[in-house]
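This is what each chain is made of:
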Amino acid sequence: MFDPDIAPSGTLLGLLQRGRGDGTLHALAAPRAEALAALNHCVLRDPRRDWQLENRSLYYARLYVDLDGGLGEIEQHLFHPDDLLESGEERTGLALAVLGHLASYGREDALALLRRYAARGGNWSWALDELALRDDDAGLLALGEAVLARFPHTPEGESALAAAVRDAFEPRPWRLWEDDPHAPALGARVRAAREQGSFDRWQRQLRPSGPRPGWSVREVLDWAQQGLDQHPTQHRHVPATRCLTAVAGPEDRGEIIEAAAFGREAARATALRYLAEHHDPQALDLIETAAGDPAELVADAAVTAFERMRSTAALERARAWLTRTDALGAAAAAMLACRGGEYDSPLVLAALREAVRVSGCDAPVLWDLVDGAGRMAITCAAPVLRHVYRETSSSHLRGRAARALAATDPSFATGFAVECLWDCEESTRELAAHHATTADARVVEQLRRLAADPAEEAEVQTAVRSRFEPDAPAV
């Protein structure tokens, strides 16, 4: 996860970086050169706060198709000398995913570029996964020699090859190479690598490194702390909590409470989580004390333990902790938003406004507060929800804001729901397909396009088809 440089939300670049539907609409209305420059900037400098969670590839690929954009800048980016030094997925993953979608739209230049990069590029495995979904057998078979040449015929090379075969997201190319009658040597090598990967997995299963049945509470707590003392550090307090559940009995409560109050960092974190999960009467007091601990592991474990609690006592304590300005206060606000009653609406609304005012539109606590505003149908929250929708750089948070606006803003169907049909997130497009007014000609045209697009997700197309049924309600 990283913090990208995001342009203001009112600019074309800022709209495209956020993946907003208005980004596509503005790009299609802007001078083509300006639109392509902004689009290439987004694809080559991934704007997502979390590139493993947020979607942009289909959104950008559709805009390349609409603008008839060339791939010269993507090619220069993929084969830049930096690719030899920095082969991480975050540098090239978005560009490769865009090429994959373009190949599915029939762009032969995108398919050829993926093939070249799979043969020569640093992030070749991603390109190979894209090809596995879109290329024909002949194209994949032609890559076999180049891909396997990456692995030297040494013990280290064969081990790396076994790991690549075992961890491949899409196994289709490896199966083709294994069964290729025209390259028996390659097939034998892939087959041996696959068998070695299976053997390695079996060996790991025979040598588990965790606690064994019969361990005592003290031994589990010591095991958790030993992981923290190792180099590199191993955070074991979460699995240790599960082990503690297996070995602890009522007679061990005193020892666990003592560990939660006075133990070393990992042991204390383990005990706090255990007590919270078992709704111990002293858990909330221990959590309150631990939340202010200077040790980050202990403070984080205390907040996480509270977030996982589902008792009435935890909800009552959340109301008392709502005024705190630390992480525990944010967790209390989130709990009220997720589980509070209608009478908690003023507290949730106040927390939502305060979070936006103090921390901006990307504060982590906003995810739950926005959901809570929608769940409670707090109509007077609509102005701040619209602000979050416009300004956040997280496309997932924007989707949550859109869902909350659908429950709180009477103008949603004729406003944000229209642009949401072009949004980068499939869940947001699905929401828009249910709500956007068909009185707008753009809406009908986009619904038909989504229904006919083979790259669109099934849930979105189901929502679109429901709008065209004879008895579908008019919005």
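## Looking at empty space enclosed by the protein
Then step 1. This structure, assessed with the given rule, holds one cavity of 30 Å³ or more.
Then step 2. Considering only enclosed or pocket space, the largest cavity measures out at about 120 Å³ in volume.
Then step 3. Taken together, 14 residues line the largest cavity, and the ones lying closest to its centre are Thr24, Tyr59, Arg62, Trp422 and Gln446.
Then step 4. Those elements that place two or more of their residues in the lining of the largest cavity are helix H4 (57-67) and helix H29 (441-452).
Then step 5. In terms of residue count, the dominant contributor to the lining of the largest cavity is H4 (five residues).
Then step 6. For the lining of the largest cavity, a count of residues per class yields six nonpolar, two polar and six charged.

## Focus: the pattern of salt bridges
Side chains carrying opposite charge are able to pair once their charged atoms draw close together.
Then step 1. Applying the stated criterion across every chain yields a total of 37 salt bridges.
Then step 2. A salt bridge links Arg62 to Asp453; the nearest nitrogen and oxygen atoms lie 3.0 Å apart. Residue Arg62 is located in helix H4, and its partner Asp453 is located in the loop between H29 and helix H30 (458-468); the two are separated by 391 residues in the primary sequence. The residues Arg62 and Asp453 share a single accessibility class, namely buried.
Then step 3. Residue Glu277 is joined to Arg308 by a salt bridge in which the shortest nitrogen-to-oxygen separation is 3.2 Å. Taken as a pair, Glu277 in helix H18 (residues 265-277) and Arg308 in the loop between helix H20 (296-307) and helix H21 (312-321) lie far apart in primary sequence, 31 residues in all.
Then step 4. Judged by relative accessible area, which is 33%, Glu277 ranks as partly exposed.
Then step 5. Salt bridges sharing common partners tie together Asp285, Glu288, Arg317, Arg324 and Asp326.

## Overview of the state of the cysteines
Then step 1. If you walk through the whole model with that rule in mind, you get zero disulfides.
Then step 2. Left without a disulfide partner, Cys424 is nearest to the cysteine sulfur of Cys420, which lies 10 Å away.

## Thoughts on the packing of helix H24 (residues 366-375) against helix H26 (residues 395-408)
What describes two packed helices is the angle between their axes and the distance between those same axes.
Then step 1. Across the interface, H24 lies against H26 with an axial gap of 8 Å and an inter-helix angle of 15°. For the element pair H24 / H26, the angle class is roughly parallel. H24 and H26 meet at a crossing whose hand is left-handed. Listed contacts from H26 to Leu366, Trp367, Val370, Asp371, Ala373 and Gly374 of H24 are His396, Leu397, Arg400, Ala401, Ala404, Ala407 and Thr408.
Then step 2. Classifying every residue of the contact of H24 with H26 gives eight nonpolar, three polar and two charged.

## Here's the deal with a negative patch on the surface
Then step 1. A cluster of acidic residues, Asp82, Glu86, Glu89 and Glu90, forms a negative patch at the surface.
Then step 2. Looking at the element boundaries, Glu89 is found in helix H7 (residues 89-104).
Then step 3. Of the residues examined, Glu89 reaches a relative accessible area of 36% and is grouped as partly exposed.

## Examining the layout of surface pockets
Then step 1. The calculated volume of the largest pocket comes to roughly 780 Å³.
Then step 2. Around the largest pocket, the lining is made up of 34 residues, and of these Gly329, Ala330, Ala331, Ala333 and Val365 lie nearest the centre.
Then step 3. When residues of the lining of the largest pocket are assigned to their parent elements, the largest contribution, ten residues, is made by helix H22 (residues 327-339).
Then step 4. Reported here for the second largest pocket is a volume of approximately 680 Å³.
Then step 5. Those elements giving two or more residues to the lining of the second largest pocket turn out to be H7, helix H9 (124-134), helix H12 (155-167) and helix H13 (172-178).
Then step 6. Top element by residues in the lining of the second largest pocket is H9. It accounts for eight residues.

## Details of helix H15 (residues 217-229)
Then step 1. For H15, with 13 residues, the first-to-last C-alpha span of 19 Å sits near the 18 Å given by 1.5 Å per residue.
Then step 2. What H15 keeps buried is the set Val217, Val220, Leu221, Trp223, Ala224, Gln225, Gly227 and Leu228.
Then step 3. Residues of H15 that are buried sit in contact with helix H16 (237-247), helix H17 (253-262), H18 and H20.

## Remarks on the environment of Ala295
Then step 1. Tracing the chain through its elements places Ala295 in the loop between helix H19 (283-290) and H20.
Then step 2. Ala295 sits 30 residues away from Glu265 along the chain, and the two C-alpha atoms are 7.1 Å apart.

Rules behind the numbers
Residues numbered from 1 in each chain as written. Predicted model: local features only at pLDDT ≥ 70, side-chain atom pairs only at ≥ 80, totals over all residues. Heavy atoms only, no water. 1 Å grid on protein atoms, 1.4 Å probe; cavity = no way out; pocket = protein on both sides within 12 Å on 5 of 7 lines; lining within 4 Å. Points joined across faces, edges and corners; volume = space filled by probe spheres on them. Helix = DSSP H or I, 4+ residues; strand = E, 2+ residues; numbered from the N terminus. Nonpolar A, V, L, I, M, F, W, Y, C, P; charged D, E, K, R; others polar. Salt bridge = Lys/Arg side-chain N within 4 Å of Asp/Glu carboxyl O. Buried < 20%, exposed > 50% of the residue type's maximum accessible area, 1.4 Å probe, protein only. Disulfide = S-S within 2.5 Å. Axes fitted to C-alpha atoms, helices over the stretch in contact; angles between N-to-C directions. Parallel < 35°, antiparallel > 145°, perpendicular 65-115°, else oblique. Left-handed = near helix turned anticlockwise from the far one by under 90°. Contact = heavy atoms within 4.5 Å. Patch = residues over 30% accessible without salt bridge, like charges linked within 9 Å, V, L, I, M, F, W, Y side chains within 5 Å. Areas by Shrake-Rupley, 256 points an atom, 1.4 Å probe, with all protein chains shown as cover. Lys, Arg positive; Asp, Glu negative; His and termini not counted. Charge placed at Lys NZ, Arg CZ, Asp CG, Glu CD. Expected span 1.5 Å × (residues − 1).

So yeah, pure geometry; function would need other evidence.
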